[in-house]
Each structure stands twice: as C-alpha cells, then as structure tokens.
Amino acid sequence: MSPHSAARVVVVGAGLAGLSAASTLVKAGFQHIQVLEAMGRPGGRVYTTRPFGQNVIELGANWIHGQEANPLFLLAQEQGLLLEEKGSASIMCLPGSVTPRDYFFRESRQQLPVDEVEQVCSFFSGLTSRAFESELEPRHSSQSLGGYLDEEFAQSPLAASEDGPRVFEWCKRSECTDEASSSLYEVSASQLGHYVALEGGFFNSLGPGGYQALADTLLDNLPPGAVLCDRPVHSIHWALQEEKNHTRPVRVLCQGGQCFMADHVIVTVPLGFLKENAVAMFEPALPKSKADAIERLGFGTVDKIYLRFEDRFWPHDCAGIQLVWDAGPEDEEVYQHSQSEGGAWRDMWYKKICGFDTVARHPTVLCGWITGREARHMESLDEKMVGEVCVRMLRSFTGWSVPEPAQVLMSKWGSERFVRGSYTYPPPGVDAVREHTALAAPLPLPCEAGYSQAKPLQVLFAGEATHVNFYTTTHGAYMTGIREAQRLIDLYADSELDSYNE
Ligand SMILES: Cc1cc2nc3c(=O)[nH]c(=O)nc-3n(C[C@H](O)[C@H](O)[C@H](O)COP(=O)(O)OP(=O)(O)OC[C@H]3O[C@@H](n4cnc5c(N)ncnc54)[C@H](O)[C@@H]3O)c2cc1C
C-alpha cells in the first residue's frame, strides 16, 4: 500500500471547506478519510430548506459571489446546477445594493423619490469601493469603515439635503449585512482592501437543488460512511509521542466518547466556534499566533427573516420595501456609548432591519435582513412575535394593508452552537493578512521549539476565515479545503517523507 493511501485523515466539519478537502483527498487516492460533523446534516453555513413548498429557501449562503475564476461557479456550471446562463437576468443584487425597483419609505409613510435615493446610494457605494480597492487616503488608514464614511459624507452636499443623512444611515445599516457586523464602526476601513471581489456579479440561479446541490456534488465523491453527522468533536490531542505507543500523532475525541486516531486532522470549524472553544479543544494548546488570530479577527451575525403571506400585497414591480428611519445619523461616539450603557438598544432591535426583499421563485414571500447584536437578540424571541413586529413596521412605513403572515421563519446563526455567527470581518487595528495567515498555518509550526522531530502537518486549518482574500464566501471556504488537501498530497508526493508511514 502506498504511503498516502495508508494515511488516516480526519476532517472536522462538513461545510464546503471540509467537503472539498475530503473530496480532493479521495480523488488523489487517499483511502482513509473520515469527516466528523457536529450537526445532524452536512453543509454547515450552506443550509437549503423547503419550508414553503418545493422551491428552496436558503437560510445560509444564497449567492455565488462572482463568476470569473470562481471555482464554485465553474463546478456548478460543470455539474449543470445553474438554471440560467451567465449574463442573464439572474445576476442579482445583494441586500446592501439598490435596484430601481426598490421602494424606499420613510416613517411618515412618504415614499422617497428613486433618483434621490440613488444619488446617496451611489455616493455611498463609491466610498466603499475606494476602501475595497485600497484607494483610501493615508489619513483613513487607521479608521473604522463607519468613521471614514461619516467623515466623507459630512463633506458632501448630500449631507445638507433633507433625506440624504437618513438614506446614508440606511446604506450603513445595509452594508452591515456584507460585513456581518453590528456597526461599521467595528470594521476596519483599510483592511477591506485585502478582500478580492471576483468579476461577474452575484449569481443566484442555482437550480431546484439550491446551494445544497453543490455540497451534494462533493458528498457524491466520497465513499459511503465517510461523513458521520451528529459527531461533535470535543478535543484534538496532537503531537502524541511514538515512544508512548501512539502509532499515529493525532487523537480526535468526540463528545460521545468515540475516538479516531489519525496522521492528520483538517479542522474546518467556523471562527465563531473557535472563539468559544479553541482553548479547551486543543492539547497541546494552540500557539500564540493562532490564538491571537482567533481573538483578533471579527465574526459577526447576519440573519434572515422570511415572511410568507397567503397573497402578495406589494406592487408587481416592487423588488423590496426598504425602511428609512427618521432618527438622525448615528456616529461612532453614540454607538460606543450604546455598547457600554447596557441594553437600551434591545428595545429597538427591529430598527436594525434594513427592509424586506422579494424572494426568487416565491411570489408571496419577503425576506428581511438583520445583523449584529440586534440579530442575536432577535434570535432569543419567539418567531410569532418577530413576525408581528415585522408586519407592524411594514404597515406603519407603507400605509398598505398588510395581512398577517401565514408563516414566519428566521435563521439563528448567532445561537447555533457549532457556528456562533455568520462570517468573518476585519476589525479596526487588525492586520488582516497576518491574522488570516496565522489562522491557516498548519501545526506544528516549522519554527516552534520542541517539535523539530515531530511528524509534519498534524493539524491543518481550513474554512472561510482562513482565506486572505476570499474570507466570508463559499468559494473561499471551498478553496481553503482544496488548499489543505493539496498540502497533504504534496507531503506524500515527496519521497523523503514517504518513510514516515512505512
Ligand atoms: C446568513 C448567511 C448568508 C450567507 N450568504 C452567502 C452568500 O450569499 N454567498 C457566499 O459566498 N457566502 C455566503 N455566506 C457565507 C458562507 O455560507 C460561508 O462562508 C461558507 O459556507 C463557510 O463554509 P465553511 O466550510 O468554512 O464553514 P461551515 O459551513 O460553517 O462548516 C463548518 C462545519 O463545522 C461544523 N462544526 C463546528 N464545530 C464542530 C465540532 N466540534 N465537531 C464537528 N463539526 C463541527 C459545523 O457544524 C459546520 O457544519 C453566508 C453565510 C450566512 C450565515
């Protein structure tokens, strides 16, 4: 048996990173791959459901971000999982972006003129593009995204218009869905320049299987029994010594007591889970550079609230109902104060909902978006109550006759025990490249004292948070799984190291 086919690899987590790692290894001839997934289903933050009939509702990822050079888009295309061809009407807007068919309402039920809204939104998007394209002036380099945006907006004539500041606040709230943050004051302006947006827009035409079909394609490459669900990993013991009768250097212990010995373990658990559990999970403890990265990178919550009505009550040409509150602009000081003063914001959690978008292939369903601390608070409330609050807001902003929803469904990513949030963002003052790189580094680190004789690549790390340029995305997660599998493939291709498994 060749060394690589004898090697035992445990993959922790069956999201896109874990599944792409396992599938790449199996394709390369590795024969002992065990994927351990804590939840009762594979997919992780890809969570395709059918609560309203046969058409899918995505509680997690929805869009393929970019098409050019996006391996996940190519996979979907190859596998015939796309409904429509590139360039068609299926290129969609994210919640933060505006289409001419969005209806913007003020609290006074007044509908805002489209051109006024567009002016502010395109000014806002020009400012964020400068951050994403690393074109900020040096004075902005240490600022938060919110601080930079406030400063630039204050100098614009739009700031003096009646509705400009209100719409600008809406844009900031909406941008929080892209950054998974409570506020843009929690996000670094300059570090966003490391995120790379692939060309080709956001593609939302996965076929009837939804996003899960992509995960299923990877699952299909694995032998039966390779993925075990309901297997939460409790601890990972690495650097086990051969002289103490351990034939393999890693032991993975599940919560139920089941134990797996391995040559390598690929850890793909979300950053939110690591933040809560990394200290207790690894023995020996993670090196300082990795523990620091886990602490420093941000991981915030984005939730969706789906409302299904018996009939559509919004006009046919309306793509979304956006809520523009009257309250003046929130600045950094006000936000920091609200953080320290306790729970006043809880009573107004619903003000964080940007609006309600129509949902593809569901003509009577609206989807609301909410982020950060308010999203986590909402998760603690009863769905019926959340539905009532949403309907009250829709009635009071639009003045339309809005019926009670027939069904309410909301995601709960913040309280999901094995995720604890939605995706990663760079907080102010953090060197994002350094931290993503430290998070991705396999153990033992080459320079670490005491491990010079240790077997290499015992604990590897994948998952969206470990990608320097494509963090937050499904394609980022997918690519990191392939990256870590390739490390192992290269290791075993090196004939000098083959002797380890002989
Ligand atoms: C609401 C929402 C909307 C999104 N929208 C988009 C979008 O439109 N486009 C896009 O590109 N991305 C989007 N994303 C992000 C995208 O879903 C993720 O970046 C990607 O799916 C992450 O994959 P992953 O494999 O890194 O992690 P995950 O999918 O989280 O997989 C990690 C797995 O590890 C498991 N796990 C955790 N702890 C343990 C343990 N102790 N033992 C065993 N298993 C464990 C978890 O249960 C999970 O299944 C969205 C995410 C959310 C939440």
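Here the structure is a predicted model, which is why all the values come from computation and not from measurement. (Residues numbered from 1 in each chain as written. Predicted model: local features only at pLDDT ≥ 70, side-chain atom pairs only at ≥ 80, totals over all residues. Heavy atoms only, no water.)

For the bond from E283 to P284, the omega torsion is -5°, close enough to zero to count as cis. Here P284 shows up in the loop between β14 (282-283) and α9 (288-296). In this structure, P444 follows L443 across a cis peptide bond, with omega equal to 0°. Structurally, the position occupied by P444 is in the loop between α13 (432-440) and β22 (459-461). Located in the positive-phi region is A69, a residue other than glycine, with phi close to 60°. Inspection of the secondary structure puts A69 in the loop between β5 (64-65) and α3 (71-78). (Helix = DSSP H or I, 4+ residues; strand = E, 2+ residues; numbered from the N terminus.)

With respect to spatial proximity, 37 residues lie near the ligand, and among them E37, R45, W63, V233 and T474 are the closest. The separation between a nitrogen atom of the ligand and a polar side-chain atom of H65 is 2.9 Å. Against a free-state accessible area of 1000 Å², the protein chains account for coverage of 99% of the ligand. Only α2 (16-27) and α14 (474-493) provide two or more residues apiece to the shell around the ligand. Across the shell around the ligand, the residue classes tally to 20 nonpolar, 13 polar and four charged. (Near = heavy atom within 4 Å. Polar contact = N/O pair within 3.5 Å; in protein donor to acceptor, adjacent residues only side chain to side chain. Areas by Shrake-Rupley, 256 points an atom, 1.4 Å probe, with all protein chains shown as cover. Nonpolar A, V, L, I, M, F, W, Y, C, P; charged D, E, K, R; others polar.)

Within the fold, Q458 resides in the loop between α13 and β22. Apart from residues lying up to four places away in sequence, Q458 is in contact with W238, A239, P249, V250, D263, H264, V265, L443 and P444. (Contact = heavy atoms within 4.5 Å.)

For the coordinates displayed, the defined rule picks out 26 salt bridges. Of the charged contacts, one joins E137 and R139 as a salt bridge, the two residues approaching to 3.0 Å between their closest N and O atoms. A salt bridge links D292 to K288; the nearest nitrogen and oxygen atoms lie 2.7 Å apart. Here K288 and D292 lie together in helix α9, a separation of four residues that amounts to about one turn. Of the residues examined, D292 reaches a relative accessible area of 15% and is grouped as buried. Judged by its relative accessible area of 60%, K288 falls in the exposed class. Residues joined in a network through salt bridges with shared partners are R106, E162, D163, R166 and D326. (Salt bridge = Lys/Arg side-chain N within 4 Å of Asp/Glu carboxyl O. Buried < 20%, exposed > 50% of the residue type's maximum accessible area, 1.4 Å probe, protein only.)

This next bit is on the packing of α3 against α14. Two quantities define a packed helix pair, namely the angle between the axes and the distance from one axis to the other. One way to put it is that α3 packs onto α14 with a least axis distance of 8 Å and a crossing angle of 90°. It follows from the interaxial angle that α3 and α14 lie roughly perpendicular. Within the contact between the two elements, α3 uses P71, L72 and L75 and α14 uses T474, H475, Y478 and M479. Grouping the amino acids of the contact of α3 with α14 by side-chain chemistry returns five nonpolar, two polar and no charged. (Axes fitted to C-alpha atoms, helices over the stretch in contact; angles between N-to-C directions. Parallel < 35°, antiparallel > 145°, perpendicular 65-115°, else oblique.)

Quick look at the domain arrangement of the chain now. Each assigned domain of the chain is listed here: domain 1 (3-46 + 56-62 + 205-298 + 426-501) and domain 2 (87-199 + 302-410). A C-alpha centroid distance of 34 Å is found between domain 1 and domain 2. Around 1700 Å² of area is buried between domain 1 and domain 2 when both sides are counted, 59% of it from carbon and sulfur atoms. Three residues stand out in domain 1 for area buried against domain 2, namely I57, L59 and P428, and they jointly supply 29% of the buried area on that side. One can count zero salt bridges joining domain 1 with domain 2. The tally of links from domain 1 across to domain 2 stands at nine residue pairs in polar contact (both at pLDDT 80 or more). If you list the elements that add at least two residues to the side of domain 1 that touches domain 2, you get β4 (57-58) and α13. Along the lines of polarity and charge, the residues of the side of domain 1 that touches domain 2 split into 13 nonpolar, eight polar and two charged. (Domains from an automatic or database assignment. Buried area = accessible area lost by both parts, 1.4 Å probe.)

This next bit is on the nonpolar core. The tendency in soluble globular proteins is for nonpolar side chains to be buried side by side. Judged by nonpolar contacts, the single largest core of 42 residues is most densely connected at I236, V265 and F282. The element that contributes the greatest number of residues to this core is helix α8 (residues 271-281), accounting for five residues. Apart from residues lying up to four places away in sequence, V265 is in contact with V10, V12, I236, V250, V252, Q458, V459 and L460. Core analysis: the second largest hydrophobic core is formed by 41 residues, A17, I33, L72 and A226 among them. (Core = buried A, V, L, I, M, F, W, Y, C linked by side-chain atoms within 4.5 Å.)

One open sheet holds the four strands; their spatial order is β12-β11-β10-β14, and the pairing between them is mixed. At either end of the open sheet lies a strand with only one pairing partner, and these are β12 (259-262) and β14. In terms of strand pairing, strand β11 (residues 250-254) meets β12 through four bridges, oriented antiparallel. Looking across to β12, one finds that V252 is bridged to F260. (Pairing = 2+ DSSP bridges.)

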